[in-house]
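Results of the structural survey
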Amino acid sequence: FQQDYFTDENRVLKKDPQQDYHLEYAMENSTHTILAFSRELHTCDTNDKSITESTVRVIWAYHHKDMGEAGQNYHGSNRGTKSLRLLNPEKEEVSSASLPYFDLTNKDVPVPDKDTTYWCQMFKIPVQHEKHHVTKIVPLIQKGHENLVHHILLYQCSSNLNDSVLDYGHECYHPNMPDSFLTCETVIFAWAIGGEGFTYPPHVGLSIGTAADPQFVLMEVHYDNPSYTEGLIDNSGLRLIYTPVIRKYDAGVIEAGLWVSLFHNIPPGMPEFVSEGHCTLECLEEALGAERPAGIHVFAVLLHAHLAGRAIRMRHFHNGKEQKLLAYDDEFDFNFQEFQYLNEERVILPGDNLITECHYSTVDRIRMTWGGLSTRNEMCLSYLLYYPRINLTRCASIPDIMEQLQFIGVKEIYRPVRQTWPFIIKSPKQYKNLSFMDAMNKFKWSRSEGLSYNELVLKLPVNVRCSKTDNAEWSIQGMTALPPEIERPYKPEPVICSSSSCLHCSLFLALLFVVQVTAIPIENIGPFV
């Protein structure tokens, strides 16, 4: 038999009065026990969790003996957890076993014994003179370094470079970084911790081999080493699988959200704080109007934040009217970030605007959290995979700084001859000669002050970032725009519990347990939790 159980804060199993899980079949052999069951996505049972497109943390445990009259047997070490997107549609994959590939991997990179390192290495795409399409990209993470390698970005660089840039790697964003690295601004692929390989849809591919395609690429690897471990040597990277059979469309990537800077900041002690990054109507109007008035088709999205991140939503507006969320994850897991395939491709048109909405919790922090590169800093970004490719690589925003200063009582700053950071505060006396960061940390933040500050920053004018390839810019870049007047907070669509309301609302999930000692008899299957 099978039963639907739940657990309380004391980890005690209790039989659920509302039985929502239904056994479909059970099977076992000498090594495996397989249980397959189904339930409605939204049961409206307070003891069940709704299953949505957000991350789901699946917790499993088993014992080699059946559950007896005395209750469940303690599972001991036979347990685990895994973050999954149960509703992320699987893409039909053309077998890639016979397709050619090339690897872009670091060679014996010495990872410093410090919290955060960004390592950059230049590569030359080996496929030249003839168009091909990359159909799949797979992470090659060195065994044992699954928690060290936080993310990998692949950038397209200037086509005017030569092979001399291939000789060595260097720390990214370093004063001594080679000038050639500065030509690499266009993201063509992104992978983050917990993600698996990405397969492009059958009608889309990443174009390589022509003059318009990447010839030199920069691979940026973010190493996260909070324990300051010494002597780490890494050889991680990416595998690109490609085909000479040309697909209908070339894929592009747009980085949207908040420009990574200290202008993005979150007060300490906040159970929830919301930041917004704007891909503005003005940027999309100019870029799409010039290159693709019929719009672009988004087919996958990667939502990206760091350790304080709790939820991310990609809101989509057309002519001021809000559409269905482009992508969302209300159960964001820092250790599980991958591209979400959209159930249906979404067309983005001139006149649209996109908002990356990030929710954070800083209840365990006593100092400000700043936008920055470290995982202890924060980001609020979305990477949109789309077709056909246009000359738009970044559509982001930076909030105005002066009203942030005024909120904490700053009256005057020393005006530098050139715009340098950090600038120094002149008055009032309690902040005299302090930097912006020092003054924000000195301010006595309370939750009510944090809420007031949150209301302020969501309404601040934003500086528009609207970039092309090769460090070029659309004319709207650097302009100031007002954020649109939108409904806050976002109101999700009401949950419908009735099974008759949807023909496809039932989730069919198979769980596989590997039992090494004794197989579990299926006649007396224990509870499902």
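Presented here is an overview of the structure given in this document. Numbers given to residues run from 1 along each chain, matching the order in which its sequence is written. Two thresholds apply to this predicted model, a pLDDT of at least 70 for residue-level local features and 80 or more for giving and counting side-chain atom pairs, whereas whole-chain, interface and lining totals are computed over all residues. Side-chain measures here rest on the full set of heavy atoms in the structure, leaving out hydrogens and waters.

**Let's talk about the overall build of the chain**
- Across its full length, the chain carries four helices and 36 strands.
- Exposure categories follow from relative accessible area, calculated using a 1.4 Å probe and restricted to protein chains: below 20% of the type maximum is buried, above 50% is exposed, and the middle band is partly exposed. Here the chain holds 529 residues, and 51% of them are scored as buried.
- Considering only residue pairs separated by 6 or more positions, the chain has 80% of its internal contacts joining residues 24 or more positions apart. In this text, helices come from DSSP runs of H or I with a minimum length of four residues, and strands from runs of E with a minimum of two, each type numbered from the N-terminal end. Between two residues, a contact is recorded if the distance between any of their heavy atoms is within 4.5 Å.

**Some words on a nonpolar patch on the surface**
- Among the surface-exposed residues, Tyr173, Val260 and Leu373 lie close enough to one another that they form a single nonpolar patch of about 240 Å² accessible area.
- As for its placement among the helices and strands, Tyr173 is situated in the loop between β12 (170-171) and β13 (186-192). The patches described consist of residues with a relative accessible area above 30% and no salt bridge, like charges being joined within 9 Å and nonpolar side chains (Val, Leu, Ile, Met, Phe, Trp, Tyr) within 5 Å. Accessible areas in this description were obtained via Shrake-Rupley with a 1.4 Å probe; residue shielding takes into account the shown protein chains only. Think of a salt bridge as a Lys or Arg side-chain nitrogen and an Asp or Glu carboxyl oxygen that are within 4 Å of each other.

**Some points on helix α1 (residues 281-291)**
- Here α1 has its buried residues at Cys283, Leu284, Ala287 and Leu288. Buried residues along α1 cover an arc of 100° about the axis, so they all sit on one side.
- Packing partners of the buried residues in α1 comprise β22 (273-279), β23 (296-304), β27 (340-348), β28 (352-360), β31 (394-399) and β34 (462-467). The directions from the helix axis to the C-beta atoms form the arc being described.

**Concerning the sheet that holds strand β35 (residues 480-481)**
- Here, strands pair whenever DSSP counts at least two bridges between them. As summarised here, the arrangement of the seven strands in space is β27-β23-β30-β20-β31-β34-β35, forming an open sheet in which the pairing is mixed. Whereas interior strands pair on both sides, the edge strands pair on one side only; in this sheet they are β27 and β35.
- Pairing of strand β20 (residues 252-258) with strand β30 (residues 381-387) involves six bridges; the strand directions are antiparallel. The residue of β30 that forms the bridge with Gly257 is Leu381.

**Brief notes about the nonpolar core**
- Put simply, buried Ala, Val, Leu, Ile, Met, Phe, Trp, Tyr and Cys residues joined by side-chain atoms within 4.5 Å make one nonpolar core. Counting 59 residues, the largest nonpolar core has Leu384 and Leu392 as its most contacted members.
- Shared between two domains, this core holds at least three residues of each, these being domain 2 (101-399) and domain 3 (401-459).
- Formed by 58 residues, the second largest nonpolar core is a distinct cluster that contains Leu104, Trp119, Ile208 and Leu385. Domain borders in the structure are assigned automatically or taken from a domain database.

**Description of the pairing of strand β10 (residues 132-140)**
- Within β10, seven of the nine residues are buried, which leaves the element mostly enclosed by the surrounding structure.
- As judged from the three bridges shared by β10 and strand β15 (residues 204-208), these two strands associate in the antiparallel manner. Residue Val134 lies in a different strand from β15, and its bridge partner there is Leu206.
- Sheet topology places β10 next to strand β18 (residues 237-243); seven bridges connect them, and they run antiparallel. Paired with Val134 across the two strands is Tyr242, which belongs to β18.

**Considering the environment of Gly478**
- Along the chain, Gly478 turns up in the loop between β34 and β35.
- Assessed through its relative accessible area of 35%, Gly478 is described here as partly exposed.
- Leave out the neighbours within four places in its chain, and Gly478 touches Asn463, Val464 and Arg465.

**Section: the pattern of salt bridges**
- One pass over the full model with this rule turns up 20 salt bridges.
- In this structure, Asp329 and Arg85 form a salt bridge, with 3.0 Å as the shortest nitrogen-oxygen distance. In this pair, Asp329 is assigned in strand β26 (residues 327-329) and Arg85 in the loop between β6 (79-84) and β7 (101-105), connecting sequence segments 244 residues apart. Comparing Asp329 with Arg85 shows no difference in burial state: the two are buried.
- One salt bridge connects Asp163 with Lys124, and the closest N-O pair in it is separated by 3.1 Å. On the criterion of sequence distance, the pair formed by Asp163 in the loop between β11 (149-156) and β12 and Lys124 in strand β9 (residues 116-124) is long-range, its members being 39 residues apart.
- On the basis of relative accessible area, Asp163 is assigned to the partly exposed category, the value being 43%.
- A network of salt bridges, in which partner residues are shared, links Arg313, Arg315, Glu322, Asp330 and Glu357.

**What to know about the sheet that holds β9**
- Taken together, the five strands give an open sheet; going across it, the order is β12-β9-β16-β11-β13, and neighbouring strands pair in antiparallel fashion. At either end of the open sheet lies a strand with only one pairing partner, and these are β12 and β13.
- As defined by bridge partners, β9 adjoins β12 across two bridges and the pair is classed as antiparallel. Residue pairing across strands places Cys120 opposite His170, the latter belonging to β12.

**Concerning the state of the cysteines**
- Disulfide: a pair of cysteine sulfur atoms within 2.5 Å of each other. Here the structure, examined in full by the defined rule, presents five disulfides.
- The disulfide partner of Cys120 is Cys172, and the gap between their sulfur atoms is 1.9 Å. Taking the sign of the S-S torsion, about 115° here, the bridge from Cys120 to Cys172 comes out right-handed. Note that Cys120 is positioned in strand β9 and Cys172 in the loop between β12 and β13, a separation of 52 residues in sequence. For the pair formed by Cys120 and Cys172, the shared burial category is buried.
- Here Cys358 engages in a disulfide with Cys380; their sulfurs sit 2.0 Å apart. Every disulfide takes its handedness from the sign of the S-S torsion; for Cys358 and Cys380 that torsion is 95°, giving right-handed. Within this pair, whereas Cys358 is found in strand β28, its partner Cys380 is found in the loop between β29 (369-370) and β30, the two being separated by 22 residues in sequence.

**Here we look at the environment of Leu154**
- Of note, Leu154 is situated in strand β11.
- The class of Leu154 is buried, set by a relative accessible area of 0%.
- As for Leu154 and Trp191, which are separated by 37 residues in sequence, their C-alpha atoms are 8.7 Å apart.
- When neighbours within four sequence positions are excluded, Leu154 is seen to be in contact with Leu104, Thr186, Val187, Ile188, Phe189, Val217, Leu218, Met219, Leu238 and Leu240.

**As for the side chain of Thr356**
- By the secondary structure assignment, Thr356 is in strand β28.
- Engagement of the side chain of Thr356 in a polar contact is seen with the side chain of Ser382, the distance being 3.0 Å.
- For Thr356, the residues in contact, after removing those within four places along its chain, are Ala256, Gly257, Ser275, Glu276, Gly277, Ile312, Arg313, Met314, Cys380, Leu381 and Ser382. A 3.5 Å cut-off defines polar contacts: any pair of N or O atoms within that distance qualifies, except that in protein one atom must be a possible hydrogen donor and the other a possible acceptor, and neighbouring residues in sequence count only when both atoms are side-chain atoms.

**Focus: the packing of aromatic side chains**
- Only centres within 6.5 Å qualify two rings of Phe, Tyr or Trp (six-membered ring in Trp) as a pair; their planes then separate them into stacked at under 30 degrees, edge-to-face at over 60, and tilted for everything else. According to the stated counting rule, one finds 20 aromatic pairs in the structure shown.
- Taking the centre distance of 5.4 Å and the plane angle of 55° together, the rings of Tyr21 and Phe37 count as tilted. In this pair, Tyr21 is assigned in the loop between β2 (13-15) and β3 (22-28) and Phe37 in strand β4 (residues 32-40), connecting sequence segments 16 residues apart. The two residues Tyr21 and Phe37 agree in class, both being buried.

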